[in-house]
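# Structure assessment
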Amino acid sequence: MKQIVRNVKIIGTGSFCPEKVYTNKYLETLVDTNDKWIQENLGIKERRISEKNQASSDLAWIAGKKAIENASLKVNDIDLIVVATATPDRLAPSTACFVQDKLKAYNAVAFDIAAVCSGFIYGMSIAAQFIASSVYDNVLVIGVDTFSKITDWESRDCVFFGDGAGAAVLSHAHDGEGFLSFRLFADGRGKYNFTVPAGGSEEPGSRETIKKGLHYFQMNGKEVYRTAIKVMPEAIRTVLNDTGLKISDIDYFIPHQPSISILRETARILELPFEKVMTNMDKYANTSGGTIPILLDEVNRAGKLQKGTIVLFAAVGSGWTWGASIIKWS
């Protein structure tokens, strides 16, 4: 989508993360890992972990409620709820329906999307098109994941992820403000580089799949890095070209939080000063679909986003899926 018919902007943000914390030092007691290596290569000091009785929707609805309040709206003003998650409460119904019920936002249509770490950008693009075409006026987009539920805590890969939810309310905007461009991409040839093998129709859950640990995520870390530093700069250059902006015009880059090394290399390739790259993975690790909206909410509530601020979003996720977007804040 290069151009929006009716301009679309973000009018409210919210986030919520569980209270429980797993530090790197604690993970050293579980697996053969090293706090110094994790901090230097991933940028992570700790991550939030949901309780056994906390599902993705339990984080999502609180983040959504905060976003609605931040937008000065009521739940009945929300026309559509889009939840981006790779860790739904159940295979059916959608997590969005759980969120709708917990918010009591019964005027809203509700559905999930699955693009893993790119999910929030995909979700904002979907919301923007509904608003641009005047189908809906106020759309709540939530990114949430509870990867602790599908993490093998005896594997060294357990250091990468944490749990959390972020949300944004999108609405119509005046000319000259709001989203300037979206670009989304996918390449299914990379589908097995990050995957959860069992639990779907290809490999239904069974005693055997549980015994083999096939309900935990599996990741090719080197391929994730190689792909991310290739496709994120390409997507960013595309939205810059769409808008006629230069990388120097970007005030803040709010990216998915895969690792500090990926973000540093992406900034180097684009010649973007790293002080413009917003990060919070030291506190939360990679919260997958939650990364961008959690960080967006923190940046917004810190007062950094003023009228006219140019913000760049970008993410890469399993699939492969990736995308970028630029917004002129208003």
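Notes on the structure follow. The model shown is predicted, which means the values in this text are computed figures rather than measured ones. (Residues numbered from 1 in each chain as written. Predicted model: local features only at pLDDT ≥ 70, side-chain atom pairs only at ≥ 80, totals over all residues. Heavy atoms only, no water.)

### Let's talk about the sheet that holds strand 5 (residues 109–113)
Across the sheet, which stays open at both edges, the five strands sit in the order 1-7-6-4-5 with mixed pairing between neighbours. In this open sheet, the two strands that pair with only one neighbour each are strand 1 (8–16) and strand 5. Pairs of neighbouring strands in the sheet enclose a mean axial angle of 20°, with direction left out of account. In the sheet, strand 4 (residues 80–84) pairs with strand 6 (residues 138–146) via five bridges, with the strands oriented parallel. Paired with Ile 81 across the bridge in strand 6 is Leu 140. On top of the sheet, helix 4 (residues 95–103) reaches strand 4, strand 5 and strand 6; it is set at about 130° to strand 4, its chief contact. The strands touched by helix 5 (residues 119–132) within the sheet are strand 1, strand 4, strand 5, strand 6 and strand 7 (163–172), with strand 6 carrying the most contacts at an inclination of about 165°. (Pairing = 2+ DSSP bridges. Helix = DSSP H or I, 4+ residues; strand = E, 2+ residues; numbered from the N terminus. Axes fitted to C-alpha atoms, helices over the stretch in contact; angles between N-to-C directions. Contact = heavy atoms within 4.5 Å.)

### Quick look at the state of the cysteines
Under the defined criterion, the tally for this structure stands at zero disulfides. Residue Cys 158 stays outside any disulfide, its sulfur separated by 17 Å from that of Cys 117, the closest cysteine. Under the relative-accessibility criterion, Cys 158 is labelled buried at 2%. (Disulfide = S-S within 2.5 Å. Buried < 20%, exposed > 50% of the residue type's maximum accessible area, 1.4 Å probe, protein only.)

### Here's the deal with the layout of surface pockets
There is about 1,100 Å³ of room inside the largest pocket. As for the largest pocket, its lining consists of 36 residues, and the residues nearest its centre are Ala 86, Pro 88, Leu 91, Val 196 and Ala 198. When contributions to the lining of the largest pocket are tallied by element, the ones reaching two or more residues are strand 5 and strand 9 (194–195). A volume near 420 Å³ is recorded for the second largest pocket. Residue lining of the second largest pocket: 24 residues in total, with Phe 160, Met 219, Gly 221, Val 224 and Tyr 225 positioned closest to the centre. By residue number, the principal contributor to the lining of the second largest pocket is helix 7 (residues 221–243), which donates four residues. (1 Å grid on protein atoms, 1.4 Å probe; cavity = no way out; pocket = protein on both sides within 12 Å on 5 of 7 lines; lining within 4 Å. Points joined across faces, edges and corners; volume = space filled by probe spheres on them.)

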